[in-house]
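Survey of secondary and tertiary structure
Okay, here's what each chain looks like letter by letter:
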Amino acid sequence: RRLSLATAGLLLALAGCDSGFGQATARHLDAMGFQVFASVLDPQGPGAKELRRSCSPRLTLLQMDLTKPEDIQRVLQHIQAHTNSTGLWGLVNNAGFNDTIADAELSPLGKFRTCMEVNFFGSLELTKGLLPLLRSAGGRIVTVSSPAGDLPFPCLAAYGASKAALSLLMDTFRSELQPWGVKVSLVLPGYYKTGTTCDPAFWNLQKQRLVASLPRELLQAYGEDYVEEINRQFIQFMKVAVEDLSAVVNSITDGLLAANPAVRYYPGQGLGLMYFIHRYLPYFVRDLFLKGFFINPKLPRALRREHHDDAKKA
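Owing to the predicted nature of the structure, the values given are computational and were not obtained by experimental measurement.

Turning our eyes to something else, we now look at the packing of aromatic side chains. What the rule picks out here adds up to 15 aromatic pairs. For the pair Y191 and F237, a centre-to-centre distance of 5.1 Å together with 80° between the ring planes defines the contact as edge-to-face. Remark: F237 occurs in helix α8 (residues 224–238) and Y191 occurs in the loop between β6 (183–187) and α6 (200–213); sequence separation between them is 46 residues. The exposure classification of Y191 matches that of F237, with both residues buried. Between F289 and F293, the aromatic rings sit 5.8 Å apart at their centres with planes inclined by 5°, giving stacked as the arrangement. Placement of the pair is F289 and F293 together in helix α11 (residues 283–293), with a separation of four residues, close to one helical turn. These aromatic residues form a ring-pair network of at least three members: F153, Y191, F202, W203, F234, F237, F289, F293 and F294. Here R135 stacks its cationic end above the ring of W180, 4.3 Å away from the centre of that ring.

The following block contains the structure:
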């Protein structure tokens, strides 16, 4: 059941609208009559141009890099200046980052830090900055997280750890903001085609950069073919990503407008089975399932029989 709200003049802020879920949701909410503040990383990029072309003059585009506190403060000041008298009905945290598919040991520490900066700290700073406006309106916070924050997907440690932190943070906000009438929801989507996630050229370039950056001993222990195989399997997996983003857009919209929104939304196929296995079956079954479903790395070079045989001959 939806709230009986007059959408005209109702203010919403969306982070991460260059592509994917954020862009589709901004278009959808604009078409419903909301006044939307949509942040983009690149105001001259194709995503921003598409929003200008397809949306009404009500939509305001704001440039924001979540790793830059000065960008966040500028956006906060703009939104505050336009909503002080009305409050802010909704915040959608959607911005996300990941450009590394590799074992945690092979993933540079800087990648963990960047994932945390964008996926966790950026969303935290934006949410805290807008909370006075959201509290005054008794509004909503909807955050796009990931099942990778709940389950140990192979080769997604940097991304998954940041999303785990984000999910726990938002669950804490949900509990703490209850007395203020602010409702908080998480959206944990399945496998959708968004941004560069399905671009083989992008992932091949990232793989080459990773291999070039690895210390010699580490590369020898795992083998370059090990990294190649992970990349090949990931690109193969992303071929089945769903192009229709409407299930995710509908979940975000429900989190903003339902009289009693769900605490968690799981748009996408196969997530029910995945979470059932995670919660009720032994860990080794879950790990086998995730490897079979997502990425099943080959044995690292140093553990292969032929490597031991070669070492004995030497």
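Text resumes after the structure shown.
Further remarks concern a nonpolar patch on the surface. A surface patch of nonpolar side chains, amounting to about 430 Å² of accessible area, comprises L273, F276, Y280 and L281. You can see L273 is positioned in helix α10 (residues 271–280). Given the relative accessible area of 49%, L273 is considered partly exposed.

Before going further, it helps to spend a moment on the packing of helix α1 (residues 20–31) against helix α2 (residues 46–54). Interaxial distance between α1 and α2 falls to 10 Å at its minimum, and their mutual angle equals 10°. Overall, the two elements α1 and α2 adopt an arrangement that is roughly parallel. When α1 is examined against α2, the residues Q23, A26 and R27 are found in contact with a partner set consisting of G47, E50, L51 and S54. The class makeup of the residues in the contact of α1 with α2 is two nonpolar, three polar and two charged.

In this section: the nonpolar core. The biggest cluster of nonpolar side chains holds 61 residues, and the ones touching the most others in it are I79, L130, I141 and F153. Sequence-distant contacts of F153, defined by excluding residues within four places in its chain, comprise P147, A148, Y191, M274, L290, F293 and F294. Counting residues in hydrophobic clusters, the runner-up holds 28 residues, among them L29, F34, W89 and V144.

Put simply, α1 and helix α9 (residues 246–257) touch, their axes get as near as 9 Å, and they point 60° apart. Between α1 and α9, the interaxial angle falls into the category oblique. Crossing of α1 over α9 shows right-handed handedness. Contacts between α1 and α9 involve F21, A24, T25, H28 and L29 on the former and, on the latter, V248, V249, I252, T253 and L256. For the contact of α1 with α9, a count of residues per class yields seven nonpolar, three polar and no charged.

Here we take up the sheet that holds strand β5 (residues 140–144). Spatially, seven strands are ordered β3-β2-β1-β4-β5-β6-β7 in an open sheet, and the strand pairing comes out parallel. The open sheet terminates on both sides in strands that have one partner only, identified here as β3 (60–63) and β7 (264–265). With four bridges connecting them, strand β2 (residues 35–40) and β3 associate as parallel partners. If you follow F37 over to β3, its bridge partner there is T60. Strand contacts of α1: β1 (11–15), β2 and β5, with the helix running at about 165° to β1, the strand carrying the most contacts. Where helix α3 (residues 69–83) meets the sheet, it contacts β1, β2 and β3, and its direction lies at approximately 155° from that of β3.

What follows is about α3. With 15 residues, α3 should cover 21 Å at 1.5 Å per step; its first-to-last C-alpha distance of 21 Å lies within 8% of that length. Buried within α3 are the following residues: D71, I72, V75, L76, I79 and T83. Along the axis of α3, the buried positions cluster into a sector of 130°, meaning they face one direction only. Exposed and oriented more than 90 degrees from the buried face of α3 are E70, Q77 and A81. Those residues of α3 that are buried lie in contact with β1, β2, β3 and α4 (109–137).

Parameters and conventions
- Residues numbered from 1 in each chain as written.
- Predicted model: local features only at pLDDT ≥ 70, side-chain atom pairs only at ≥ 80, totals over all residues.
- Heavy atoms only, no water.
- Phe/Tyr/Trp six-rings, centres within 6.5 Å; stacked < 30°, edge-to-face > 60°.
- Helix = DSSP H or I, 4+ residues; strand = E, 2+ residues; numbered from the N terminus.
- Buried < 20%, exposed > 50% of the residue type's maximum accessible area, 1.4 Å probe, protein only.
- Lys NZ or Arg CZ within 6 Å of the ring centre and 35° of its normal.
- Patch = residues over 30% accessible without salt bridge, like charges linked within 9 Å, V, L, I, M, F, W, Y side chains within 5 Å.
- Areas by Shrake-Rupley, 256 points an atom, 1.4 Å probe, with all protein chains shown as cover.
- Salt bridge = Lys/Arg side-chain N within 4 Å of Asp/Glu carboxyl O.
- Axes fitted to C-alpha atoms, helices over the stretch in contact; angles between N-to-C directions.
- Parallel < 35°, antiparallel > 145°, perpendicular 65-115°, else oblique.
- Contact = heavy atoms within 4.5 Å.
- Nonpolar A, V, L, I, M, F, W, Y, C, P; charged D, E, K, R; others polar.
- Core = buried A, V, L, I, M, F, W, Y, C linked by side-chain atoms within 4.5 Å.
- Left-handed = near helix turned anticlockwise from the far one by under 90°.
- Pairing = 2+ DSSP bridges.
- Expected span 1.5 Å × (residues − 1).
- Arc of directions from axis to C-beta.

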